[in-house]
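Coordinates in review
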Amino acid sequence: ERKRAGKDLFQLFNKIDKNRSGELDKYEFLTFCLAEYGLVSDEDIDTINNEFERLDASRNGSLSMHEVLGKFDRIRAAAPLSIRQSIVHPAHSGRRTLQSKE
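Of note, D17 is situated in the loop between α1 (2-16) and α2 (26-36). R20 provides the closest opposite charge to the buried, salt-bridge-free D17, at an N-O distance of 5.3 Å. With sequence-adjacent residues up to four places away left out, D17 is seen in contact with G22, E23, L24 and E28.

Structural data, given as C-alpha cells:
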C-alpha cells in the first residue's frame, strides 16, 4: 500500500512538473497540493490548463488583462443571469469543480 502511494505521488509529481525540471515552481506546487488533498481532480487541472492555453492568444505563457476580461465579457453577454453570477458550481459529490462555460 505504501509503495503504491509513493508511486502515485511520483506520477502526480511528474504530471504537474510541466517543464520537466525535476522541481516544482510555486504554481506547480500549488497544483500538486490541490490534487494530493483531493480538492481538484485531474480533470479539473486539465480543464484549467486547457482554458489557459485557449485564452493565451499571444502564446507567451501569460494572460493579459485583455485576454482574461475578454473571456468573462463573452460569458456575461451569452449566458443567462444565473450562470453569469458564478463560474464555479457544486458537483454531485459535494466537492466543488470548475467547468468552462464556453
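After presenting the structure, the write-up continues.
On to α2, then. Every buried residue of α2 is accounted for by E28, T31, F32, C33 and A35. Of the residues that open α2, the one with a side-chain oxygen 3.1 Å from the backbone nitrogen of Y27 is D25. Positive backbone phi, at 75°, marks G38, one or two positions downstream of α2.

Taken as a whole, the second largest pocket encloses approximately 170 Å³ of empty space. Around the second largest pocket, the lining residues are K18, Y27, E28, I48, N49, F52 and E53. Counting residues per element, the ones that place at least two in the lining of the second largest pocket are α2 and α3 (42-55). The dominant element in the lining of the second largest pocket, judged by the number of residues it contributes, is α3, at four residues.

With that out of the way, let us pick up the nonpolar core. One finds L12, I16, F32, A35, V40 and I45 forming the largest nonpolar core, which totals six residues. For A35, the residues in contact, after removing those within four places along its chain, are L12, I16, V40 and I45.

Analysis parameters
Residues numbered from 1 in each chain as written. Predicted model: local features only at pLDDT ≥ 70, side-chain atom pairs only at ≥ 80, totals over all residues. Heavy atoms only, no water. Helix = DSSP H or I, 4+ residues; strand = E, 2+ residues; numbered from the N terminus. Buried < 20%, exposed > 50% of the residue type's maximum accessible area, 1.4 Å probe, protein only. Lys, Arg positive; Asp, Glu negative; His and termini not counted. Salt bridge = Lys/Arg side-chain N within 4 Å of Asp/Glu carboxyl O. Contact = heavy atoms within 4.5 Å. Polar contact = N/O pair within 3.5 Å; in protein donor to acceptor, adjacent residues only side chain to side chain. 1 Å grid on protein atoms, 1.4 Å probe; cavity = no way out; pocket = protein on both sides within 12 Å on 5 of 7 lines; lining within 4 Å. Points joined across faces, edges and corners; volume = space filled by probe spheres on them. Core = buried A, V, L, I, M, F, W, Y, C linked by side-chain atoms within 4.5 Å.

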